[in-house]
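Each chain, letter by letter, is given below.
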Amino acid sequence: MPSCVRCSRELSSSSGENTLCRDCRADVGLGAPSNEPASRPPARNSQPFLLTQAIVGINVLIFLAMVLSGVSPMSPTQLQLVTWGANFGPLSLGSQPWRMLASNYVHIGAIHIFFNMWCLWNLGRLAERIFDRWTYLLVYTASGIAGSLSSLWWHPQGIGAGASGAIFGLAGGLIAVLYLGKLPMAKEALRPTLKSLLTFAAYNLFFGLVPGIDNAAHLGGLAAGLALGAILAGSVTESPEIRARWRNYALIGTTLLLFAGYSYLKQKSGSTPTLNSRQTICHPDWSIA
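Here is a short report on the structure shown in this document. (Residues numbered from 1 in each chain as written. Predicted model: local features only at pLDDT ≥ 70, side-chain atom pairs only at ≥ 80, totals over all residues. Heavy atoms only, no water.)

### Details of the environment of V67
Looking at the element boundaries, V67 is found in helix 2 (residues 50-68). Sequence spacing of V67 and A110 is 43 residues, and the spatial spacing of their C-alpha atoms is 9.8 Å. (Helix = DSSP H or I, 4+ residues; strand = E, 2+ residues; numbered from the N terminus.)

Pasting the structure below:
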């Protein structure tokens, strides 16, 4: 009897030419044929969007902690942002490289975090239907660090903070997987979602031309997400073992590339600190028909 290519569960005889079981089709936003009997509850994502909720929660808790410690909720100072982990070349490329990750969870005021978290919430809902959670976390984290590296390359003495490099990476990963992946649905059905994702990326890159917006982080995150999505696209509907193998390959390769980029940037420096936010504007228009 044939098995689901995603979870290896046996398919019912009424599944026809489907290569995914009912639960896995539902997991990527597809419905099950009406003549296919219901099966046990999904083995994965039984609590939908838990990872997105956790990431948003961490960002909000850090922002609240900043405000409760005396940081201005609307216009924090550069010193306050650096104290809480903002990306700053002399420190990030010196004794505190952890800032390249931590800065993705630090925001420059209430408006900044509101737009970023609104966008992350909507993109994350789609990402958790396409990726397994470890892949989601890999794309999000690696893209955020890549955005921080791009920011340091463009203005090594700048002070940068915000989640939108990582958010752009999620968008890039989804674009690559939806375009290149072998999802069990017609390309026509994916076009509205791809159009929304492309519109998101184009609009926010244009918005990033405003002074004070860290477009270098946006571009770095987007490029990393597109690359990771292209690498992982072929395995997104494969068995858990194959997905894990490709994810491990991507993790090793990404780690080596990020370390190489970091080593290169350590040899460069600037002079005058500037303040840059990483902000996205998003509309909740993500769907898989």
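### A closer look at empty space enclosed by the protein
Tallied over the full model, the rule gives 1 cavity of 30 Å³ or more. In this structure, the largest cavity occupies an estimated 70 Å³ of space. Forming the walls of the largest cavity are 10 residues, and the residues nearest its centre are D132, T135, L232, V236 and R243. (1 Å grid on protein atoms, 1.4 Å probe; cavity = no way out; pocket = protein on both sides within 12 Å on 5 of 7 lines; lining within 4 Å. Points joined across faces, edges and corners; volume = space filled by probe spheres on them.)

### Points about the packing of aromatic side chains
As enumerated under the stated definition, the model contains 4 aromatic pairs in all. For the pair F114 and F115, a centre-to-centre distance of 5.5 Å together with 70° between the ring planes defines the contact as edge-to-face. Among the residues examined, F114 registers a relative accessible area of 51% and is labelled exposed. On the basis of relative accessible area, F115 is assigned to the partly exposed category, the value being 21%. (Phe/Tyr/Trp six-rings, centres within 6.5 Å; stacked < 30°, edge-to-face > 60°. Buried < 20%, exposed > 50% of the residue type's maximum accessible area, 1.4 Å probe, protein only.)

### Here we look at the nonpolar core
Core analysis: the largest hydrophobic core is formed by 41 residues, its most contacted members being L120, I130, Y136 and Y140. For this core, the secondary-structure elements that each account for two or more residues are helix 2, helix 6 (110-130), helix 7 (133-154), helix 8 (164-180), helix 9 (187-207) and helix 10 (215-232). A total of 9 residues in this core trace back to one element, the largest contributor, which is helix 8. The contacts of Y136, once residues within four sequence positions are left out, are L51, T52, I55, L120, G124, A127, E128, F131 and L170. (Core = buried A, V, L, I, M, F, W, Y, C linked by side-chain atoms within 4.5 Å. Contact = heavy atoms within 4.5 Å.)

### Structural notes on the layout of surface pockets
Approximately 540 Å³ is the volume found for the largest pocket. Taken together, 27 residues form the lining of the largest pocket, with A146, S150, L219, G220 and A224 sitting closest to its centre. At the level of elements, helix 7, helix 10 and helix 11 (240-265) are the ones that each hand at least two residues to the lining of the largest pocket. Element by element, the count of residues in the lining of the largest pocket is highest for helix 10, at 8 residues. Looking at the lining of the largest pocket residue by residue, the classes come out as 17 nonpolar, 9 polar and 1 charged. (Nonpolar A, V, L, I, M, F, W, Y, C, P; charged D, E, K, R; others polar.)

### As for a nonpolar patch on the surface
Together, V60, L61 and L64 make up a nonpolar patch on the protein surface, roughly 270 Å² of accessible area in all. Look at V60 and you get partly exposed, because its relative accessible area is 34%. (Patch = residues over 30% accessible without salt bridge, like charges linked within 9 Å, V, L, I, M, F, W, Y side chains within 5 Å. Areas by Shrake-Rupley, 256 points an atom, 1.4 Å probe, with all protein chains shown as cover. Salt bridge = Lys/Arg side-chain N within 4 Å of Asp/Glu carboxyl O.)

### Describing helix 10
Over its 18 residues, helix 10 extends 26 Å from the first C-alpha to the last, a length consistent with the 26 Å expected when each residue adds 1.5 Å. The set of residues buried in helix 10 consists of N215, A216, A217, H218, G220, G221, L222, A224, G225, L228, G229 and L232. (Expected span 1.5 Å × (residues − 1).)

### A few points about the packing of helix 6 against helix 7
Packing of helix 6 against helix 7 leaves a shortest axis separation of 10 Å and a crossing angle of 135°. In terms of axis orientation, helix 6 runs oblique to helix 7. As for how helix 6 packs across helix 7, the hand of that crossing is right-handed. Each of L120, G124, A127 and E128 in helix 6 lies in contact with helix 7, whose residues at this interface are R133, Y136 and Y140. (Axes fitted to C-alpha atoms, helices over the stretch in contact; angles between N-to-C directions. Parallel < 35°, antiparallel > 145°, perpendicular 65-115°, else oblique. Left-handed = near helix turned anticlockwise from the far one by under 90°.)

### Observations concerning the pattern of salt bridges
Under the definition given, this model contains 3 salt bridges. One salt bridge connects E128 with R133, and the closest N-O pair in it is separated by 3.1 Å. Note that D132 and R243 form a salt bridge whose closest N and O atoms lie 3.4 Å from each other. Separated by 111 residues along the polypeptide, D132 in the loop between helix 6 and helix 7 and R243 in helix 11 bring together distant segments of the chain. One salt-bridge network, in which partners are shared between bridges, spans D132, R243 and R247.

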